[in-house]
Structure formats: C-alpha cells, structure tokens
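# A look at the structure
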Amino acid sequence: MTLPAPIRYSPAVEDRREDEAEVVHDLNETFDTILKTTAEDYGHAVRSVHAKAHGILEGTLKVADGLPPDLAQGLFATPGEHRVFLRLSTNAGDILPDAISLPRGLALKILDVEGERLPGADGRTQDFVMVNGPVFQTKNAKQFLGNLKMLAGTTDRIEGTKEVMSTVLRGVNKALQAVGLESPKIQSLGGAPNVDPLGETYYSVTPFRYGDHIAKFSLVPVSPDLTRHTGQEIDASDRPDAIRETVQAEMQGAVGIWEFRVQLCRDLDKQPVEDPTVEWKEEDSPFQTVATITVGHQDSWDEDRVRAVNEEMRFSTWTGLAAHQPLGNINRARRDTYRHSSDFRQGFNRCPIHEPAER
C-alpha cells in the first residue's frame with residue numbers, strides 16, 4: 001500500500017485557544033500546591049509530576065546513516081553518535097510507595113546537538129519526554145487542569161488509602177482490557193499495571209515539528225535483556241522502592257537497546273495536532289526507526305549520576321531544536337509550567353539546574 005506524502009509543517013497546523021494564558025496561570029497555581037506540600041513534607045523540593053525516579057541510565061544514541069529525506073530531519077539529519085541520559089519514573093507529584101501503580105515515564109536528554117534552538121532553550125541538548133501509552137488523558141490543557149486539581153487534592157493524603165484505591169483501579173482496568181477497552185484516566189489515578197519499566201514502549205503522545213514535517217515519537221525496547229521484561233509486573237506489596245530495586249538488579253548484567261522511531265503525520269483529520277487523545281494508527285502511518293540507543297550494564301542508581309541528573313537537570317519538551325518544536329495546546333501549556341516547576345525546585349533546594357555539557 002502506498003502511503004500519502006507526509007504533511008508539511010506550517011504554523012497554520014496549530015489552533016490556539018483564547019484561554020491559554022489563563023489556563024497556564026491556573027496550572028502553575030495548582031502545581032504550586034503540589035510543589036509546596038511535598039517540599040514541606042520532605043524538606044526537599046521534587047518535581048511536580050514524575051517526582052519519583054526508578055533509574056538513571058547513561059548511554060549512546062546513534063543516528064542511522066542513509067535515512068530517506070522525509071526522516072533525515074532536525075537532529076536526525078546528520079548521522080553520528082550522542083551521549084544520552086534516560087530517567088525512568090512514575091507520574092505522581094509525590095514520592096509514593098511502588099504498590100501504588102501509575103503510568104511509567106521516560107525522559108531522554110541527548111547531548112551535543114547542533115542547530116537553531118527553541119526560544120529560551122539553554123545549552124546544546126535535545127529532550128524528549130515520553131510515557132508508556134500512545135494517548136494523553138485529556139484533549140487540552142483546560143481539561144488537564146481539572147484532573148490536576150483533583151490530584152493536587154490527594155497529595156500528602158494517607159498512603160494506605162491510595163494503595164487500596166490503586167488495587168481496586170487495577171482490577172477495573174484489567175476488566176476493561178479484557179473486553180478490548182482501556183482507560184487512560186483510570187490508569188493515571190492508580191489503575192495502571194505495575195509493569196517493569198525496562199520492558200515498556202514509550203510514546204511522545206503529543207506531536208512535534210519534525211523539520212519539514214510533523215511527527216510523534218516512540219522508544220521501543222529491542223534487545224533481549226529488555227524485551228524479556230515486557231508486560232512483566234513487579235510485586236511491590238511489601239517493598240516501597242521495589243521498581244528501583246528491580247531495575248538496579250536487572251541493569252547490573254543487561255545491555256539495553258532501544259529503537260527511536262518516528263511516526264509522520266500524513267492526514268490531519270486522522271492524525272490531529274490539537275487532540276492528543278486520538279491515537280495515530282500505524283496502518284495510516286507506521287513508526288520508522290531513525291536511531292538506536294544503547295545502554296551498557298551499569299548501576300542504575302549510581303549516587304553521582306542520580307545527583308547530576310535527578311537534582312541538577314530539568315527535562316522539558318521545550319529544551320531542544322527549533323526543528324523539533326512542540327505542537328498543540330498541551331505542548332504549548334508545557335512550556336511555562338515545566339519552567340515554573342523547575343524554578344521552584346531550584347530555588348527551594350538552592351541547587352542550580354543547568355544543561356549538561358558534552359565531555
């Protein structure tokens with residue numbers, strides 16, 4: 001089957017809402033509720049989302065040689081190797097025991113990236129922020145604000161109650177999966193399977209500029225040391241840091257290889273820019289590999305690396321090249337809220353946050 005040509009990027013693909021500035025203001029106020037509550041509890045500021053890391057990995061991204069013109073765009077236009085950091089996490093804004101199962105996240109930072117930067121993007125890095133599901137839980141930032149207010153209200157509440165709720169919601173979600181349905185909202189509230197993050201496929205969920213085109217991204221485990229853990233659930237009933245301990249044990253002798261894949265937008269009706277709850281179907285546009293990431297066996301909770309990445313770095317969809325500009329309402333809201341969160345963390349902890357330099 002011959003696929004339609006990729007849609008060419010133009011500013012006209014975005015449809016800006018009149019309430020965006022107001023919603024961003026309200027998002028920052030709600031994030032402040034989470035940030036201040038957790039900082040007072042811990043005596044240390046953590047991220048307002050994806051606060052708990054399960055592993056910090058260091059490896060190499062290799063951009064494929066000989067990519068066709070549609071795929072040889074932005075960072076991926078030039079073959080070569082880049083040092084990378086990966087941060088595996090769970091999406092809550094407080095540090096919860098792992099028995100409370102939530103969707104997994106993977107933040108990727110690529111170093112030594114040449115090209116025109118996005119406005120306000122420090123350093124010479126490119127970030128990609130992903131989760132282990134292909135769609136976002138809400139259509140726009142205003143709807144997300146409603147969910148966030150509900151989650152902010154549960155921050156610092158009794159953990160035992162959250163564990164019971166998580167168990168119930170996992171049962172509901174499995175029942176839905178049995179009849180061919182899934183609920184991103186139930187998963188975001190604690191009903192996600194308690195899976196091993198090393199075996200998961202991660203998605204950008206929202207679209208981005210891809211040089212001349214528009215795309216979503218995925219990161220897919222391909223080495224046997226990773227794929228053997230795909231779908232594998234971790235029993236965290238009596239270990240609050242079970243996921244971190246599991247990843248640490250597994251990476252001691254593992255070689256992790258992921259493929260970085262690109263899904264080009266070919267039909268704006270089937271693959272909308274402004275609605276991230278719509279999955280872009282692979283039959284309409286398959287994911288195509290443009291690079292591989294290799295991580296050798298290592299201590300995934302090395303003290304120095306954890307401090308450097310977890311405490312001294314930020315991950316943002318707006319850190320990177322103009323050729324990979326985030327698109328859509330959710331991404332536009334991320335720009336100021338990500339910065340707001342990291343500025344709070346930096347100020348409270350009195351620890352400068354900066355982009356790493358290549359060494």
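Conventions adopted
Counting starts from 1 at the beginning of each chain's written sequence and moves along it residue by residue. A pLDDT threshold of at least 70 governs which residues receive local features in this predicted model, and a stricter bar of 80 or more applies before side-chain atom pairs are shown or counted, although totals over entire chains, interfaces and linings include all residues. As a convention, hydrogens and water are excluded, and side-chain values are obtained from all of the structure's heavy atoms. We count a stretch as a helix when DSSP gives it H or I for four or more residues in a row; a strand needs E for two or more, and each element gets its number in order from the N terminus. Residue burial is assigned from relative accessible area. The probe radius is 1.4 Å, only protein chains are included, and a residue is buried under 20% of its type maximum, exposed over 50%, and partly exposed in between. Any two residues whose heavy atoms approach within 4.5 Å at even a single point are treated as in contact. Using a 1.4 Å probe, accessible areas were evaluated by the Shrake-Rupley method; residue-level cover was limited to the displayed protein chains. pLDDT expresses, on a scale from 0 to 100, how confident the predictor is about each individual residue. By definition here, a salt bridge exists when the distance from a side-chain nitrogen of Lys or Arg to a carboxyl oxygen of Asp or Glu is within 4 Å. Each pair of aromatic rings taken from Phe, Tyr and Trp, with Trp reduced to its six-membered ring, is defined by centres within 6.5 Å and is described as stacked if the planes are under 30 degrees apart, edge-to-face if over 60, and tilted in the remaining cases. A ring is considered to have a charge above it if a Lys NZ or an Arg CZ atom is located within 6 Å of its centre and within 35 degrees of its normal. Any two strands with at least two DSSP-identified bridges between them are counted as paired. The definition of a nonpolar core used throughout is a set of buried Ala, Val, Leu, Ile, Met, Phe, Trp, Tyr and Cys residues joined through side-chain atoms within 4.5 Å. To define axes, lines are fitted to C-alpha atoms, for helices over the stretch in contact only, and angles between the resulting N-to-C directions are given on a 0 to 180 degree scale. Handedness of each helix crossing follows the sense of rotation of the near helix against the far helix: counterclockwise by less than a right angle gives left-handed, clockwise gives right-handed. Nonpolar residues are Ala, Val, Leu, Ile, Met, Phe, Trp, Tyr, Cys and Pro. Charged residues are Asp, Glu, Lys and Arg, and all others, Gly as well, are polar. To estimate the expected span of a helix, count its residues, drop one, and scale the result by 1.5 Å.

### Quick notes on the overall build of the protein
- What the protein contains, in helices and strands, is eight helices and nine strands.
- In the protein, which comprises 359 residues, the share counted as buried stands at 55%.
- Excluding contacts between residues fewer than 6 apart, the proportion of contacts in the protein whose partners are at least 24 apart in sequence is 78%.
- Of the accessible surface of the protein, which amounts to about 15,500 Å², a share of 51% is contributed by carbon and sulfur atoms.

### What to know about the confidence of the model for the protein
- Averaged over all residues, the pLDDT of the protein equals 89, while 88% of them reach at least 70.
- Per-residue pLDDT stays below 50 along residues 157-183; that stretch engages in 44 contacts with residues further than four places along the chain or on separate chains.
- Note that pLDDT drops below 50 for residues 185-191; the model gives that stretch 33 contacts with residues more than four away or on any other chain.

### Considering the pattern of salt bridges
- Within the structure shown, the criterion is met by 23 salt bridges.
- With its nearest N and O atoms 3.8 Å apart, the salt bridge here joins Arg 314 to Asp 343. Of this pair, Arg 314 sits in the loop between helix H7 (303-311) and helix H8 (329-349) while Asp 343 sits in helix H8, placing them 29 residues apart in sequence.
- Through salt bridges with shared partners, a single ionic network connects Glu 14, Arg 16, Glu 20, Glu 274 and Arg 332.

### Things to note about the packing of aromatic side chains
- Under the defined criterion, the tally for this structure stands at eleven aromatic pairs.
- With centroids separated by 5.5 Å and ring planes inclined at 40°, the aromatic side chains of Phe 217 and Phe 260 adopt a geometry described as tilted. Note that Phe 217 is positioned in strand E7 (residues 213-221) and Phe 260 in strand E8 (residues 256-264), a separation of 43 residues in sequence. Per residue, the accessibility class of Phe 217 equals that of Phe 260, and both read buried.
- Members of the aromatic cluster, connected to one another through ring pairs, are Phe 76, Phe 128, Phe 208, Tyr 210, Phe 217 and Phe 260.
- Geometry around Phe 315 places Lys 109 over its ring, the cationic atom sitting 4.9 Å from the centre.
- For the cation-ring pair, Arg 335 lies above Trp 318, with the distance from its terminal atom to the ring centre recorded as 5.3 Å.

### Things to note about the pairing of strand E9 (residues 288-295)
- Strand direction decides the pairing type here: strand E1 (residues 52-63) and E9, joined by four bridges, are antiparallel. Among the inter-strand pairings, Leu 61 is bridged to a residue of E9, identified as Ile 293.
- Bridge count between E8 and E9: seven bridges; the pairing is antiparallel. Bridge pairing links Arg 261 to Thr 289 in E9.

### Details of unusual backbone geometry
- Its identity as a non-glycine residue notwithstanding, His 50 has a phi of 55°, on the positive side.
- Assignment of secondary structure puts His 50 in the loop between helix H1 (20-42) and E1.
- Its identity as a non-glycine residue notwithstanding, Val 205 has a phi of 70°, on the positive side.
- Tracing the backbone through its elements, the reader meets Val 205 in the loop between strand E5 (202-203) and strand E6 (208-210).

### A word on the nonpolar core
- In terms of nonpolar packing, the biggest core is built from 41 residues, with Phe 76, Leu 86 and Phe 260 touching the most fellow members.
- Ignoring any residue separated from it by four or fewer positions in sequence, one finds Leu 86 in contact with Gly 55, Ile 56, Leu 57, Leu 106, Ala 107, Leu 108, Leu 219, Trp 258, Ile 293 and Val 295.
- Formed by 18 residues, the second largest nonpolar core is a distinct cluster that contains Val 24, Ile 34, Leu 35 and Phe 144.

### Structural notes on the side chain of Gln 325
- Relative to the assigned elements, Gln 325 resides in the loop between H7 and H8.
- For Gln 325, a relative accessible area of 16% gives the class buried.
- Among residues more than four places away in sequence, those in contact with Gln 325 are Tyr 9, Glu 14, Leu 118, Phe 208, Arg 209 and Trp 318.

### Details of the packing of H1 against H8
- Between H1 and H8, whose axes approach to 9 Å, the crossing angle comes to 35°. Note on packing geometry: the crossing formed by H1 with H8 is right-handed. In this structure, H1 uses Glu 20, Val 24, Leu 27, Asn 28, Phe 31, Asp 32, Leu 35, Lys 36 and Ala 39 to contact H8, whose residues at the interface are Asn 329, Arg 332, Ala 333, Asp 336, Thr 337, His 340, Ser 341, Phe 344 and Phe 348.
- In terms of residue class, the contact of H1 with H8 is made up of eight nonpolar, five polar and five charged.

### A short note on H1
- Over its 23 residues, H1 runs 32 Å from end to end, which matches the ideal 33 Å to within 8%, given 1.5 Å per residue.
- Note on H1: the residue one or two positions beyond its end, Gly 43, has a positive phi of about 70°.

### Concerning the pairing of E1
- When you tally the buried positions in E1, you get nine out of twelve residues, the bulk of the element.
- With eleven bridges joining them, E1 and strand E2 (residues 80-90) adopt antiparallel strand pairing. Within E2, the position partnered with Val 63 by the bridge is Gly 80.

### Concerning the environment of Thr 125
- Counting through the fold element by element, Thr 125 comes out in the loop between strand E3 (104-110) and strand E4 (126-131).
- Among the residues examined, Thr 125 registers a relative accessible area of 0% and is labelled buried.
- On a C-alpha basis, the gap between Thr 125 and Ile 110 in space is 5.4 Å, while along the polypeptide they are 15 residues apart.
- Excluding its chain neighbours within four sequence positions, the residues that come into contact with Thr 125 are Lys 109, Ile 110, Leu 111, Val 113, Arg 117, Thr 319, Gly 320, Glu 355 and Pro 356.

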